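Okay, here's what each chain looks like letter by letter:
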Amino acid sequence: MDLLNLLKIITTIITAAIALIIGLRVLFLNKSDLLNKWFALYFISSSLGFLIYAIYHLILNNSDIIIPLMITAHIFFNFNSISLPMTLFVLEKHTKIAMSLKYLGTMLILFFIMSIGYFILPPYLDMSDYALGIVNTHTPPGLLIFVNTIRILIAIYAVYRYIVINRKIEGETKKRIKWFSLGVIIFLFGLVINLTGGLLSLIVMEILALIIIDIGALLVLKGFLIKSK
């Protein structure tokens, strides 16, 4: 395995650990708060996605399980994407309304649409690289762009709504929403870089994207820590 691929895996594992720690930290700040639960799901699903991503890049003796693991990782990433707008619905709506068919149901349908493509147009493993000890998977460009476009649009919507909410409130909550917004903006920037790196097969860009995503996650955590004061 070359140095850049090894560095990408190490960065991915670090990202998975950071996301898991933040998710559990947010959850334990207030286990009964639905907002905390959805943000915890947001980070924990990210952590599982990154962890599985790292694992299948280390499998060099069984090519058959790599693509199923890759699809599983992306399903967790898709759930991560719908968890973000659910935090908004919880903030803006009554809990029962946020969890209704109109809001939660719509997000679950979107999650299904994002995920089903991986079974219709499944990714494939580059067997030439695999023979050299490199796990290099390819997602059909149309599917890659489609799924990541939805993820980015969701993140843009979340940023916009958080900014709107922030203008309407004052005090500690305003500070929290400010950090939420900044964290999501940086996370969105990481997604764009990750998409570009994937399309161009540039590992350096993918590593940079992971670092940026870590920074965004830490800023969201800062918002929750303000609440705990």
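Quick note: structure is the one above.
Procedures and definitions
- Residues numbered from 1 in each chain as written.
- Predicted model: local features only at pLDDT ≥ 70, side-chain atom pairs only at ≥ 80, totals over all residues.
- Heavy atoms only, no water.
- Helix = DSSP H or I, 4+ residues; strand = E, 2+ residues; numbered from the N terminus.
- Contact = heavy atoms within 4.5 Å.
- Core = buried A, V, L, I, M, F, W, Y, C linked by side-chain atoms within 4.5 Å.
- Buried < 20%, exposed > 50% of the residue type's maximum accessible area, 1.4 Å probe, protein only.
- 1 Å grid on protein atoms, 1.4 Å probe; cavity = no way out; pocket = protein on both sides within 12 Å on 5 of 7 lines; lining within 4 Å.
- Points joined across faces, edges and corners; volume = space filled by probe spheres on them.
- Axes fitted to C-alpha atoms, helices over the stretch in contact; angles between N-to-C directions.
- Parallel < 35°, antiparallel > 145°, perpendicular 65-115°, else oblique.
- Left-handed = near helix turned anticlockwise from the far one by under 90°.
- Nonpolar A, V, L, I, M, F, W, Y, C, P; charged D, E, K, R; others polar.

**Quick notes on the side chain of S45**
Tracing the backbone shows S45 in helix α2 (residues 34-56). Not counting residues up to four positions away in its chain, the partners in contact with S45 are F76, F79 and N80.

**What to know about the nonpolar core**
Of all hydrophobic cores here, the largest spans 60 residues; its most connected members are F39, F43, Y56, I66, F180 and F224. It is helix α3 (residues 66-92) that contributes the most residues to this core, twelve residues altogether. Dropping the residues within four chain positions of it, I66 is found in contact with Y56, I59, L125, Y130, V135 and T137.

**Description of the layout of surface pockets**
The probe, sized like a water molecule, is rolled over the atoms to show the empty space still left. Size it by volume and the largest pocket reaches roughly 880 Å³. Looking at the largest pocket, it is lined by 37 residues, and the ones nearest its centre are Y53, L144, N194, G198 and E206. Those elements giving two or more residues to the lining of the largest pocket turn out to be α1 (3-29), α2, α3, β2 (137-138), α7 (141-168), α8 (171-200) and α9 (203-227). Ranked by the residues each element gives to the lining of the largest pocket, the list is headed by α8, at six residues.

**Considerations on the packing of α2 against α3**
Viewed as axis vectors pointing N to C, α2 and α3 meet at an angle of 165 degrees, and their least axial separation amounts to 8 Å. Accordingly, the angle class assigned to the pair α2 and α3 is roughly antiparallel. Where α2 crosses over α3, the two elements pack in a sense that is left-handed. For the contact of α2 with α3, the residue count by class is 22 nonpolar, seven polar and no charged.

**Some details on empty space enclosed by the protein**
Throughout the structure, instances matching the rule amount to three cavities of 30 Å³ or more. The volume enclosed by the largest cavity comes to roughly 70 Å³. Along the walls of the largest cavity sit T15, I18, A19, Y42, F43, S46, F50, F187, I213, D214 and A217, which together make up its complete lining. Counting residues per element, the ones that place at least two in the lining of the largest cavity are α1, α2 and α9. Examining the composition of the lining of the largest cavity, we find that four residues originate from one element, α2, more than from any other. Residues that form the lining of the largest cavity fall into these classes: eight nonpolar, two polar and one charged.

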